[in-house]
Amino acid sequence: MHLFSPLRRITAHYGREGEDYLVELHLSEARRLFNSLDPAPFIEKDLDADAESYIVDTVQDFPLALPLKLVVYLPASECDSEQARSIPIAVCNYFDYCAHHADMNLRFMLLQGRASLIIGLLFLFACLAGREMLSTPHPGLVRDMFGEGLLICGWVAMWRPIQIYLYDWWPIRRMRRIYEKIRAMPVEVRELPG
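Okay, so let's go over this structure. (Residues numbered from 1 in each chain as written. Predicted model: local features only at pLDDT ≥ 70, side-chain atom pairs only at ≥ 80, totals over all residues. Heavy atoms only, no water.)

### Let's talk about the side chain of Thr58
If you trace the backbone, Thr58 turns up in helix 2 (residues 49–61). For Thr58, a relative accessible area of 3% gives the class buried. From its side chain, Thr58 meets the backbone oxygen of Tyr54 in a polar contact 2.7 Å long. With residues up to four places along the chain from it excluded, the contact list for Thr58 reads Tyr14 and Val23. (Helix = DSSP H or I, 4+ residues; strand = E, 2+ residues; numbered from the N terminus. Buried < 20%, exposed > 50% of the residue type's maximum accessible area, 1.4 Å probe, protein only. Polar contact = N/O pair within 3.5 Å; in protein donor to acceptor, adjacent residues only side chain to side chain. Contact = heavy atoms within 4.5 Å.)

### Some details on the pairing of strand 2 (residues 20–26)
Buried residues dominate strand 2, accounting for five of its seven residues. The sheet contact formed by strand 1 (residues 16–17) and strand 2 spans two bridges and is antiparallel. Within strand 2, the position partnered with Arg16 by the bridge is Tyr21. Counted along the chain from strand 1 to the antiparallel partner strand 2, the turn is two residues long, and its residue Gly18 has a positive phi close to 60°. Of the pairings in the sheet, the one linking strand 2 to strand 3 (residues 68–74) comprises six bridges and is parallel in character. Residue pairing in the sheet places Tyr21 in a bridge with Leu68 of strand 3. (Pairing = 2+ DSSP bridges.)

### Thoughts on helix 6 (residues 159–184)
Structural remark: α-helix, 3.6 residues per turn; residues separated by three or four positions point the same way. Over its 26 residues, helix 6 extends 38 Å from the first C-alpha to the last, a length consistent with the 38 Å expected when each residue adds 1.5 Å. Largest kink in helix 6: about 45°, centred on Tyr165. Considered for burial, the residues of helix 6 that qualify are Pro161, Ile164, Asp168, Arg176, Ile178, Tyr179, Lys181 and Ile182. Taken together, the buried residues of helix 6 touch helix 2, strand 3 and helix 4 (82–134). (Expected span 1.5 Å × (residues − 1). Bend = angle between axes of the 7 residues up to and from the residue.)

### Brief notes about the environment of Ala102
Tracing the backbone shows Ala102 in helix 4. Ala102 sits 32 residues away from Leu134 along the chain, and the two C-alpha atoms are 47 Å apart. Excluding residues within four positions of it along the chain, Ala102 makes contact with Ile172, Arg176 and Tyr179.

### Brief notes about the pattern of salt bridges
This model, assessed by the stated rule, comprises 13 salt bridges. Close ionic contact of Asp103 with Arg107 constitutes a salt bridge, the shortest N to O distance being 3.1 Å. In this pair, Asp103 and Arg107 both sit in helix 4, four residues apart, roughly one turn of the helix. Under the relative-accessibility criterion, Arg107 is labelled exposed at 55%. The shortest N-O distance in the salt bridge between Asp168 and Arg160 comes to 2.7 Å. (Salt bridge = Lys/Arg side-chain N within 4 Å of Asp/Glu carboxyl O.)

### Side note on the sheet that holds strand 4 (residues 187–191)
One open sheet accounts for four strands, arranged 1-2-3-4; its pairing is mixed. Looking at the sheet topology across the chains shown, the edges are occupied by strand 1 and strand 4. Pairing of strand 3 with strand 4 involves five bridges; the strand directions are parallel. Looking at the pairing, Leu70 lines up with Val187 of strand 4. Packed on one face of the sheet, helix 4 meets strand 3 and strand 4 and runs near 155° to strand 4. (Axes fitted to C-alpha atoms, helices over the stretch in contact; angles between N-to-C directions.)

### So, a nonpolar patch on the surface
On the surface, Ile162, Leu166 and Tyr167 cluster together into a nonpolar patch covering about 320 Å² of accessible area. For Tyr167, the location among the structural elements is in helix 6. Judged by relative accessible area, Tyr167 falls into the exposed class, the value being 56%. (Patch = residues over 30% accessible without salt bridge, like charges linked within 9 Å, V, L, I, M, F, W, Y side chains within 5 Å. Areas by Shrake-Rupley, 256 points an atom, 1.4 Å probe, with all protein chains shown as cover.)

### With respect to the packing of helix 2 against helix 4
Packing of helix 2 against helix 4 leaves a shortest axis separation of 13 Å and a crossing angle of 70°. In terms of axis orientation, helix 2 runs roughly perpendicular to helix 4. Contact residues: Glu52, Ile55 and Val56 in helix 2; Tyr94, Phe95 and Cys98 in helix 4. Across the contact of helix 2 with helix 4, the residue classes tally to five nonpolar, no polar and one charged. (Parallel < 35°, antiparallel > 145°, perpendicular 65-115°, else oblique. Nonpolar A, V, L, I, M, F, W, Y, C, P; charged D, E, K, R; others polar.)

Listed below in structure tokens is the structure:
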């Protein structure tokens, strides 16, 4: 028995319909879902930062394999508006853009990692070659200090490519997968419960 089961926590905090867990938004107006400063039509508008953050944070609570559904609750007078009807397409378009942007960031980071790796390796080899040139049959304190300094500098130059390839790309890849999951989620607009 697991004391802190994520599935138990999820079932306690989120609603469920059939197989789908619900990500629920309660709004007083459909336009509150969108960024009020964006002049684009609703299906191309940016989402409000708070709404986007809530959706992304909620989806992050779930394992990626669990099926989710986004349900937007609106007053009865808003449910049949053009803005309300555009919500499913607008959410899909917005998170499609976010997934594309995350994919571009990931590609740029890996390209930067490749360039950093080549530069780091060349610098490391130059430092090792310089260290070899300092080696003489007569050891000395100054020669040892320069030799060890070159060795340390060479390995420090490898820090950034190692950091990119071991750690930095994982969070971007995960966010891309979360955006893709949100983009594929069914979105329903419903009347606020009485």
